[in-house]
Amino acid sequence: MEEQAKRTLAYFCPACRQMVAAERTVFQLAASANTLPCPCGKSGLRVELMGDRVKVTVPCLFCGKDHTVICSSQAFLHQRLLAFTCAQSGLDCCYVGEEGAVFAALKRLEEAVDKLDRDGGERGSFLDELVMHEVLSELKEIAQRDGICCTCGSHRWKLQVNYSSIDLFCADCGGAMRIPAATAGDIDDICCKTRLVIRGSAGEG
Ligand SMILES: [Zn+2]
Ligand SMILES: [Zn+2]
Ligand SMILES: [Zn+2]
């Protein structure tokens, strides 16, 4: 018998704050609209395949709203890991992909969720001041060595600091790059980098 390709889908339930993850075969996903309900019954992730596009509706733990995302079915069914981000908080609210990759990403997101819970709703300027501070100082070091450039060839860039991430923009072509700054793992990630390449509108990354 042919091995059925499987996808793992996961999100955090805004009602009970639990992680909800399930596995679906590519066949199940393609056959009909799928709802992935939280065991508490108060929320559910909805997936609809529409030809070469997929519409995903994710209840978001961070801002309390539902996010609707459209992506290509190719990416949805085959990419190792897809992350959907809540624009308001800058945090990921949903993952789709291979089981191992999804659970690794979830583990990191869970750390961020724990931090939010620990702060008891009292919101500072950053999700984690220390992480943001560390990531910014690493970024500064890379910048001092002129390690930030864009695929368009530009070395001029702008920086925007968000609640749990930092955005780099190419000053010439407007290309953008997001650097997460939410968990200790994000510090490790940037620590091992000597160069950051913004994927601009021209050229390949
Ligand atoms: Zn729930
Ligand atoms: Zn959101
Ligand atoms: Zn550029």
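Residues numbered from 1 in each chain as written. Chains lettered and ligands numbered in written order. Predicted model: local features only at pLDDT ≥ 70, side-chain atom pairs only at ≥ 80, totals over all residues. Heavy atoms only, no water.

**Student:** Give me unusual backbone geometry: which residues, what numbers.
**Tutor:** Backbone geometry at R17 places phi at a positive 60°, although glycine is not the residue there. Among the secondary structure elements, R17 is positioned in the loop between β1 (6-12) and β2 (19-25). The backbone of D146 sits at a positive phi, close to 55°, despite the residue not being glycine. Relative accessible area serves as the criterion here: at 45%, D146 is assigned to the partly exposed category. (Helix = DSSP H or I, 4+ residues; strand = E, 2+ residues; numbered from the N terminus. Buried < 20%, exposed > 50% of the residue type's maximum accessible area, 1.4 Å probe, protein only.)

**Student:** With reference to specific residues and values, describe the coordination of the zinc ion (ligand 3).
**Tutor:** Every protein donor of the zinc ion (ligand 3) is accounted for by C150 (SG), C152 (SG), C170 (SG) and C173 (SG), and the metal-donor separations fall at 2.2 to 2.3 Å. Around the zinc ion (ligand 3), the 4 donor atoms are arranged such that angles at the metal cover 106 to 116°; this shape is classified as tetrahedral. Expressed as a motif, the donor residue spacing for the zinc ion (ligand 3) is C-x1-C-x17-C-x2-C. Taken together, the residues C152 in the loop between β9 (148-150) and β10 (157-161) and C173 in the loop between β11 (165-170) and β12 (176-180) connect sequence positions 21 residues apart. Residue C173 is classed as partly exposed on the basis of its relative accessible area, which comes to 26%. (Donors = N, O, S within 2.8 Å, 3.2 Å for Na, K, Ca; no water. Tetrahedral: all angles 85-135°; square planar, octahedral: opposite > 155°, others 65-115°.)

**Student:** Go over the layout of surface pockets with me, naming the residues and quoting the values.
**Tutor:** Of the voids in this model, the largest pocket is the one considered here, and its volume is about 1,100 Å³. Contributing to the lining of the largest pocket are 35 residues, with D92, R178, I179, P180 and D186 lying nearest its centre. Examining the composition of the lining of the largest pocket, we find that 6 residues originate from one element, helix α3 (residues 99-118), more than from any other. By residue class, the composition of the lining of the largest pocket is 19 nonpolar, 7 polar and 9 charged. Each of domain 1 (6-118) and domain 2 (129-198) accounts for three or more of the residues forming the lining of the largest pocket. (1 Å grid on protein atoms, 1.4 Å probe; cavity = no way out; pocket = protein on both sides within 12 Å on 5 of 7 lines; lining within 4 Å. Points joined across faces, edges and corners; volume = space filled by probe spheres on them. Nonpolar A, V, L, I, M, F, W, Y, C, P; charged D, E, K, R; others polar. Domains from an automatic or database assignment.)

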